[in-house]
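# An overview of the molecular structure
Each chain is listed here by its residues.
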Amino acid sequence: MPRTRPSRAEYADFQVMTTRWQDNDVYGHMNNAVYYEYVDACVNRWIMNSGTLEIPHGPVVGLVVETACLFHESLGFPDPVDCGLRVGRIGNSSVWYQVGLFRHGARLAAAEARFIHVYVDSRTRRPVPLPAEFKTALAEIHRP
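Everything in this summary refers to the structure shown in the same document. Quick caveat: nothing in here was measured; it's all calculated off a predicted structure.

### Regarding the sheet that holds strand β4 (residues 94–103)
As summarised here, the arrangement of the five strands in space is β1-β3-β4-β5-β2, forming an open sheet in which the pairing is antiparallel. Since the sheet does not close on itself, it has two edges, and those belong to β1 (13–17) and β2 (60–71), each with one partner. Put simply, the sheet's adjacent strands are angled 25° from each other on average, direction ignored. Two elements, β2 and strand β5 (residues 111–121), share 11 bridges in a ladder whose sense is antiparallel. What sits directly across from Thr67, in β5, is Phe115. The strands touched by helix α1 (residues 32–50) are β1, β2, β3 (81–90), β4 and β5; relative to β1, the strand with the most contacts, the crossing angle is about 125°. Docked against the sheet, helix α2 (residues 132–140) engages β3, β4 and β5, running at close to 120° with respect to β3.

Pasting the structure below:
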C-alpha cells in the first residue's frame, strides 16, 4: 500500500542544509547513511538553538536509541536540503523526533525519519526526567 508523503505544513521548524560533493554515492544520489547525518544535525542544531541544554558538556545528554527512515525520492549534491522538524511524542525521559528531508523548496518530503533520544545523566548514563525548560521548548514543536 502506498504511503502518503508528509508535506511541509506538518513540520514546525525548518533548517536549510548545504549538501556536499562527498554526500553522493557512485549512483549519483545521496547515500542513505548521509540522510541520518542530516537528521542528527537537524535535531541537535534545534536543541542547541533552543538554549535549554548544554551541548555537549551539560549534566543531561540525549542518546539515540532508535532510528528509521522512509525514502521517497533521491536527494543529493548540489541541491540544498530543507530539514523539517517536529516532535511526535514527549515522554518522561525520551523524545520522538520526526524529521522530513525536502528537496529545497519542495512541498512533499523526499524522506521522513524517526529519531528517538533517551535523555540521561551525563556521568551515570542513567535515564533522567526531561528538564522543565527543555520540555517547554519541545512542546512548541510537538505535532502528535
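### What to know about the environment of Pro129
The residue Pro129 is located in the loop between β5 and α2 in this model. Residue Pro129 is classed as exposed on the basis of its relative accessible area, which comes to 52%. Residues Pro129 and Ser94, spaced 35 residues apart in sequence, show a C-alpha to C-alpha distance of 8.3 Å.

### A word on the state of the cysteines
Using the criterion set out here, one finds zero disulfides in the structure. No disulfide involves Cys69; its sulfur sits 11 Å from the nearest other cysteine sulfur, which is in Cys83. Residue class for Cys69 comes out buried when judged on its relative accessible area of 14%. Left without a disulfide partner, Cys83 is nearest to the cysteine sulfur of Cys42, which lies 4.8 Å away.

### Structural notes on α2
Within an α-helix, residues lying three or four positions from one another point in the same direction, as the helix has 3.6 residues per turn. Residues of α2 that are buried include every one of Phe134, Ala137 and Leu138, and no others. One side of α2 holds all its buried residues, which, seen down the axis, span an arc of 100°. Across α2 from its buried face, at more than 90 degrees, point the exposed residues Ala132, Glu133 and Glu140. Residues of α2 that are buried in the fold lie against α1, β3, β4 and β5.

Here is what the cut-offs are and how they apply
- Residues numbered from 1 in each chain as written.
- Predicted model: local features only at pLDDT ≥ 70, side-chain atom pairs only at ≥ 80, totals over all residues.
- Heavy atoms only, no water.
- Pairing = 2+ DSSP bridges.
- Helix = DSSP H or I, 4+ residues; strand = E, 2+ residues; numbered from the N terminus.
- Axes fitted to C-alpha atoms, helices over the stretch in contact; angles between N-to-C directions.
- Contact = heavy atoms within 4.5 Å.
- Buried < 20%, exposed > 50% of the residue type's maximum accessible area, 1.4 Å probe, protein only.
- Disulfide = S-S within 2.5 Å.
- Arc of directions from axis to C-beta.

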